[in-house]
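So the chains spell out like this:
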Amino acid sequence: MQRQARVTSKGQITIPHEIRRVLGVQPGDTVEFESGEDGVKVRPVRKESPFAKYRGIGTPGIPSGRKAIIKYFRDLRGW
């Protein structure tokens, strides 16, 4: 997907709607520009995983982490 944007006199650009949707950015979010041999990459800056809010869903009473899961099943089986 290729889109164009115009640079203002202050060096600002407006990210096209389709690109914002693909990147998952909203007003107030931060994007990072990375220059490399194959061009410039634009990516959103995430402070935490977008999936963090779903962690633990479907496992009430079982703490997260490998050791906690193993302990839960051992207790469940009476070991």
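Residues numbered from 1 in each chain as written. Predicted model: local features only at pLDDT ≥ 70, side-chain atom pairs only at ≥ 80, totals over all residues. Heavy atoms only, no water.

Engineer: Which residues make up the packing of aromatic side chains, and what are the values?
Structural biologist: Here the structure, examined in full by the defined rule, presents 1 aromatic pair. Ring geometry for tyrosine 72 against phenylalanine 73: centres 5.4 Å apart, planes inclined by 75°, an arrangement best described as edge-to-face. For tyrosine 72, a relative accessible area of 32% puts it in the partly exposed group. Overall, phenylalanine 73 belongs to the partly exposed group, its relative accessible area being 33%. If you follow arginine 77 out to its NZ or CZ, it ends over the ring of tryptophan 79, 5.6 Å from the centre. (Phe/Tyr/Trp six-rings, centres within 6.5 Å; stacked < 30°, edge-to-face > 60°. Buried < 20%, exposed > 50% of the residue type's maximum accessible area, 1.4 Å probe, protein only. Lys NZ or Arg CZ within 6 Å of the ring centre and 35° of its normal.)

Engineer: With reference to specific residues and values, describe helix H2 (residues 66-77).
Structural biologist: In this model, H2 (12 residues) spans 17 Å end to end at C-alpha, consistent with the 16 Å of a helix rising 1.5 Å per residue. A positive phi of about 80° marks glycine 78, the residue just after H2. (Helix = DSSP H or I, 4+ residues; strand = E, 2+ residues; numbered from the N terminus. Expected span 1.5 Å × (residues − 1).)

Engineer: Give a detailed account of the confidence of the model for the protein chain, specifying residues and quantitative values.
Structural biologist: When the pLDDT values of the protein chain are averaged, the result is 87; 95% of them are 70 or greater. Across the protein chain, strand S1 (residues 31-36) holds the top mean pLDDT of 94, while H2 sits lowest at 87. (pLDDT = per-residue confidence, 0-100.)

Engineer: Can you explain the pattern of salt bridges? Please cite residues and give values.
Structural biologist: Evaluation of the coordinates by the stated rule reveals 3 salt bridges. Across the pair glutamate 18 and arginine 3 runs a salt bridge whose closest N-O atoms are separated by 3.4 Å. Here glutamate 18 is found in helix H1 (residues 17-23), whereas its partner arginine 3 is found in the segment before H1, with 15 residues between them in sequence. In this structure, aspartate 75 engages lysine 71 in a salt bridge whose closest nitrogen and oxygen atoms are separated by 2.9 Å. One end of the pair is aspartate 75 and the other is lysine 71, both in helix H2 and 4 residues apart, which spans about a single turn. Residue classification places aspartate 75 among the partly exposed residues on the basis of a relative accessible area of 49%. For lysine 71, a relative accessible area of 52% gives the class exposed. (Salt bridge = Lys/Arg side-chain N within 4 Å of Asp/Glu carboxyl O.)

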